[in-house]
Amino acid sequence: MEISEKAIDVINDLIKINNDRVAGFEKAGTDLDGDNGELIALFHKLAGESQQYVIELTGIAQQYGGEAAEGTSTSGDLHRAWIDIKATFTGNDLLAILNECERGEDAAKAAYRDALDPEKELSPELAQVLQIQQQGITEGHDLIKSLRDQVEITEESQEPSYQEQQEQFTEQPSYEGAAGEFGNQTAYAPEPESIEQEEEWQEEQAASNGNSKLMEFFVNELKDLLWAERELVDTLPDMAEAATSQELKNAFTNHLAETEVHVSRLEQIFGILGLEPETTKCDAMSGIVDEGDEIISDTEEGTAQRDVGLIFAGQKAEHYEIASYGGMISLAKTLGYYEIAELLVMTIDEEKSADALLTDIAENHVNYEASTERADD
């Protein structure tokens, strides 16, 4: 099996994503109390699955002279799974934990789907390995989603006691049985019929929510986000041109390419909803862009001070988008639009990576360089 440089990059991104998944499920397990022993065991089983994937991928990379990655994912062509997973779990709320596990699994599924894109130039042998792993990821996602839906239904019933909730939850189905079925899948197979049933359920759920107040709000926020992203497409070239540091220029230029994809994803989401892409002026982003223009006009060309200001403006935009996309992911799931939620997870990942890169640039040299520049008398 021959491995191209692009294929090595794919392998290393998936190594990091599986490391994220291991950390996520292990953290989820530690946040549950002892009454959920079977679910904790299932989390450990899913974490062990990704540990095995890391071993397989590392072996392939090393076999063909590539350097295998270590640690978790922060950037790259594939998308980070388990976004800020260690900060997400704050207690032993079972539904909250399963919600975040499902969100992580959404991102992991998207990563494997992207990895198997023909443009990645994978050999047939490597593609087969990834397909087998993809099937395991898909089964894990479907199992977590099923358990989450089950808990949600239980909590929405007529307020049974906590003990009754636990009994109902463990009886249908037991985690042990579900985990056993999950563990028996060892070879790649096409998407199971349950996926089609899931899609039908999502369509019914979406239809039932189509005229709700929540749906109205969701669409209005989509219009707001589309305006904001299109405004950034127009603004980022000016920020790149104004920047002093070449590293900062590159950061803005690279994020411009990502932002153009964000626009396309939002337009795709409108299509999924059967709507024409429309925009509503986003006052928050408009203000942030105006502030960036003021920074450029109020600072001297070629100074680190200007870069500090541009980073501030850039991160304000990123933080606004991160907050917006995070809320939209939650709303999409509530409305039953899991395909839309996956698209939004991809975008929030890229926004977080862009924000982290700006922090690195500031802390590595720009802030210090600005501190050595003499102020005007």
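Not measured: the values here are computed from a predicted model.

Considering the overall build of the protein
- Helix and strand counts for the protein stand at 13 helices and zero strands.
- Ordered by position from N to C terminus, the α and β elements of the protein give α-α-α-α-α-α-α-α-α-α-α-α-α.
- A burial count over the protein gives 50% of its 377 residues as buried.
- Taking the intrachain contacts of the protein between residues at least 6 apart in sequence as the baseline, contacts between residues at least 24 apart amount to 81%.

Thoughts on unusual backbone geometry
- Its identity is not glycine, yet Glu 121 carries a phi of approximately 60 degrees, on the positive side.
- Mapping Glu 121 onto the fold places it in the loop between helix H4 (94-115) and helix H5 (124-156).

Description of the nonpolar core
- Grouped together as the largest cluster of nonpolar side chains are 26 residues, with contacts concentrated most on Phe 218, Leu 222, Ile 269, Leu 273, Ile 340 and Leu 344.
- Residue assignment for this core shows that the elements contributing at least two residues are helix H9 (213-242), helix H10 (246-272), helix H12 (304-334) and helix H13 (338-371).
- Apart from the residues within four sequence positions on either side, Leu 222 is in contact with Leu 266, Ile 269, Phe 270, Leu 273 and Met 328.
- With 25 residues, the next largest nonpolar core counts Leu 236, Ala 242, Ile 288 and Ala 317 among its residues.

Some remarks on the environment of Leu 130
- For Leu 130, the location among the structural elements is in helix H5.
- Residues Leu 130 and Leu 116, spaced 14 residues apart in sequence, show a C-alpha to C-alpha distance of 7.5 Å.
- Excluding residues that lie within four positions of it along the chain, Leu 130 makes contacts with Val 10, Leu 14, Leu 57, Tyr 112, Ala 115, Leu 116 and Leu 122.

Concerning helix H11 (residues 283-298)
- With 16 residues, H11 should reach 22 Å at 1.5 Å per residue; the first-to-last C-alpha distance of 22 Å fits that figure.
- Buried within H11 are the following residues: Met 285, Ser 286, Ile 288, Val 289, Gly 292 and Ile 295.
- Looking at the packing, one finds that the buried side of H11 touches H9 and H12.

Some points on H10
- With 27 residues, H10 ought to run about 39 Å at 1.5 Å a step, and its terminal C-alpha atoms sit 39 Å apart, in line with that.
- Every buried residue of H10 is listed here: Leu 248, Ala 251, Phe 252, His 255, Leu 256, Thr 259, His 262, Val 263, Arg 265, Leu 266, Ile 269 and Phe 270.
- Between the side-chain oxygen at the start of H10 and the backbone nitrogen of Glu 247 there is a gap of 3.1 Å, and the oxygen is on Ser 245.
- Immediately beyond the C-terminal end of H10, within one or two residues, lies Gly 274, with a positive phi of roughly 75 degrees.

Some words on the pattern of salt bridges
- According to the stated counting rule, one finds 11 salt bridges in the structure shown.
- Arg 148 serves as the salt-bridge partner of Asp 149, at 2.4 Å between the closest nitrogen and oxygen.
- With its nearest N and O atoms 2.8 Å apart, the salt bridge here joins Arg 230 to Glu 267. With a gap of 37 residues between them, Arg 230 in helix H9 and Glu 267 in helix H10 connect regions that are remote in the sequence.
- On the accessibility criterion, Arg 230 (34% relative accessible area) is partly exposed.
- Taking the relative accessible area as the measure of exposure, Glu 267 reaches 30% and is therefore partly exposed.
- Within this structure, Glu 102, Lys 145, Arg 148 and Asp 149 form a network of salt bridges that share partners.

With respect to the packing of H11 against H12
- For the pair H11 and H12, the least separation of the axes is 9 Å and the interaxial angle reads 175 degrees. By the angle between their directions, the pair H11 and H12 is classed as roughly antiparallel. For the pair H11 and H12, contact is made by Ala 284, Met 285, Ile 288, Glu 291, Gly 292, Ile 295 and Ile 296 and by Arg 306, Gly 309, Leu 310, Ala 313, Lys 316, Ala 317, Tyr 320 and Glu 321, respectively.
- Residue composition of the contact of H11 with H12, by class: nine nonpolar, two polar and four charged.

Looking at the environment of Met 346
- Looking at where Met 346 falls in the secondary structure, it is placed in helix H13.
- For Met 346, a relative accessible area of 6% corresponds to the buried category.
- When the C-alpha atoms of Met 346 and Ala 110 are compared, they prove to be 7.8 Å apart, with 236 residues separating the residues in sequence.

Cut-offs used in this document
- Residues numbered from 1 in each chain as written.
- Predicted model: local features only at pLDDT ≥ 70, side-chain atom pairs only at ≥ 80, totals over all residues.
- Heavy atoms only, no water.
- Helix = DSSP H or I, 4+ residues; strand = E, 2+ residues; numbered from the N terminus.
- Buried < 20%, exposed > 50% of the residue type's maximum accessible area, 1.4 Å probe, protein only.
- Contact = heavy atoms within 4.5 Å.
- Core = buried A, V, L, I, M, F, W, Y, C linked by side-chain atoms within 4.5 Å.
- Expected span 1.5 Å × (residues − 1).
- Polar contact = N/O pair within 3.5 Å; in protein donor to acceptor, adjacent residues only side chain to side chain.
- Salt bridge = Lys/Arg side-chain N within 4 Å of Asp/Glu carboxyl O.
- Axes fitted to C-alpha atoms, helices over the stretch in contact; angles between N-to-C directions.
- Parallel < 35°, antiparallel > 145°, perpendicular 65-115°, else oblique.
- Nonpolar A, V, L, I, M, F, W, Y, C, P; charged D, E, K, R; others polar.

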